[in-house]
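Residue strings, one per chain:
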Amino acid sequence: MHLALHKQMNKGINRFLQRYNPDELLFIIQAFEDTLEASWVHSESVAEKEPLTAGASLEPVENDERSQIVDMLNQLDTRNLKKAKAVLQAMFFTPFA
């Protein structure tokens, strides 16, 4: 019974993952890896020296990096652009309580 459940789950997982192309899956994998490595807090000494203000980013994005991201987004069709927007919203703009 337990083995049958795992087989059924694997079928469902495979059907779900087939919605995405390899590039999209690689992006998700990279985002998860980056999340695992991210530091979500500053040490006290850094926080005292550099107080954060609303809307301030921790590290400014270089113009070249921003251009590369915009170039990638410009290559997407409407369907994939919506997916990219959803991923960005979920990964970077959704507050976690």
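Scroll up a little and you will see the structure.
Residue positions within a chain follow its written sequence, with the count starting from 1. Only residues with pLDDT of 70 or above have their local features reported here, since the model is predicted, and side-chain atom pairs are shown and tallied only from 80 upward, although totals for entire chains, interfaces and linings are computed over all residues. Hydrogens are left out, water is left out, and the side-chain values use all remaining heavy atoms of the structure.

For any pair of aromatic rings, the description consists of the separation of the ring centres together with the inter-plane angle of the planes. Pairing of aromatic side chains requires ring centres within 6.5 Å, counting the rings of Phe and Tyr and the six-membered ring of Trp. Pairs whose planes differ by under 30 degrees are stacked, by over 60 edge-to-face, and all others tilted. Evaluation of the coordinates by the stated rule reveals one aromatic pair. Centre to centre, the rings of Phe-16 and Tyr-20 are 5.7 Å apart; their planes meet at 65°, and the pair counts as edge-to-face. The buried label applies to any residue whose accessible area, calculated with a 1.4 Å probe on protein chains only, is under 20% of its type's maximum; exposed applies above 50%, and partly exposed to all values in between. For Tyr-20, a relative accessible area of 25% puts it in the partly exposed group.

Turning our attention to helix α5 (residues 78-92). The way it works is that DSSP assigns letters per residue, a run of H or I at least four long becomes a helix, a run of E at least two long becomes a strand, and they are numbered from the N terminus. Helices are assigned an expected span. That span is 1.5 Å times one less than the residue count. Taking 1.5 Å of rise per residue, the 15 residues of α5 would be expected to cover 21 Å, and the 21 Å separating its terminal C-alpha atoms lies within 8% of that figure. All of the buried residues along α5 are Asn-80, Lys-83 and Ala-84. For α5, the arc enclosing every buried residue in end-on projection is 100°, short of the 170-degree limit, so these residues lie on one face. Opposite the buried face of α5, at more than 90 degrees from it, the exposed residues are Thr-78, Lys-82 and Lys-85. The contact definition used throughout considers only heavy atoms, calling two residues in contact when any of these lie within 4.5 Å. Looking at the buried side of α5, the elements it contacts are α2 (22-37) and α4 (63-74). Working note: the arc is built from the helix axis to C-beta atom directions.

What follows deals with the packing of α2 against α5. Here, axes are lines fitted to C-alpha atoms. For helices the fit covers the stretch in contact, and angles between N-to-C directions go from 0 to 180 degrees. Contact geometry for α2 and α5: axes closest at 12 Å, N-to-C directions at 10°. On the basis of their axis angle, the class for α2 and α5 is roughly parallel. Two secondary-structure elements touch here, α2 through Glu-24, Phe-27, Ala-31 and Thr-35 and α5 through Asn-80, Lys-83, Val-87 and Met-91. Each residue receives one of three labels: charged for Asp, Glu, Lys and Arg, nonpolar for Ala, Val, Leu, Ile, Met, Phe, Trp, Tyr, Cys and Pro, and polar for the others, Gly being one of them. Counted by class, the contact of α2 with α5 contains four nonpolar, two polar and two charged residues. Each angle gets one of four labels, with under 35 degrees taken as roughly parallel, over 145 as roughly antiparallel, 65 to 115 as roughly perpendicular, and the rest as oblique.

Let us now look at the pattern of salt bridges. One speaks of a salt bridge when a side-chain nitrogen belonging to Lys or Arg is within 4 Å of a carboxyl oxygen belonging to Asp or Glu. In total, this model carries one salt bridge according to the counting rule given. Notably, a salt bridge pairs Glu-24 with Lys-83, separated by 3.4 Å at the nearest N-O pair. Taken together, the residues Glu-24 in helix α2 and Lys-83 in helix α5 connect sequence positions 59 residues apart. Summarising the burial analysis for this pair, Glu-24 and Lys-83 share the class buried.

When its relative accessible area of 15% is taken as the criterion, Glu-24 is described as buried. The term polar contact refers here to a pair of N or O atoms within 3.5 Å; inside protein, the definition further demands a hydrogen-donor-capable atom paired with an acceptor-capable atom, and it admits residues adjacent in sequence only when both atoms are side-chain atoms. Here Asn-21 takes part through its backbone nitrogen, which lies 2.8 Å from a polar atom of the side chain of Glu-24. Reaching out from Glu-24, the side chain makes a polar contact with the side chain of Lys-83 at a distance of 3.4 Å. If near-sequence neighbours (up to four positions away) are discounted, Glu-24 is found in contact with Arg-19, Asn-80 and Lys-83.

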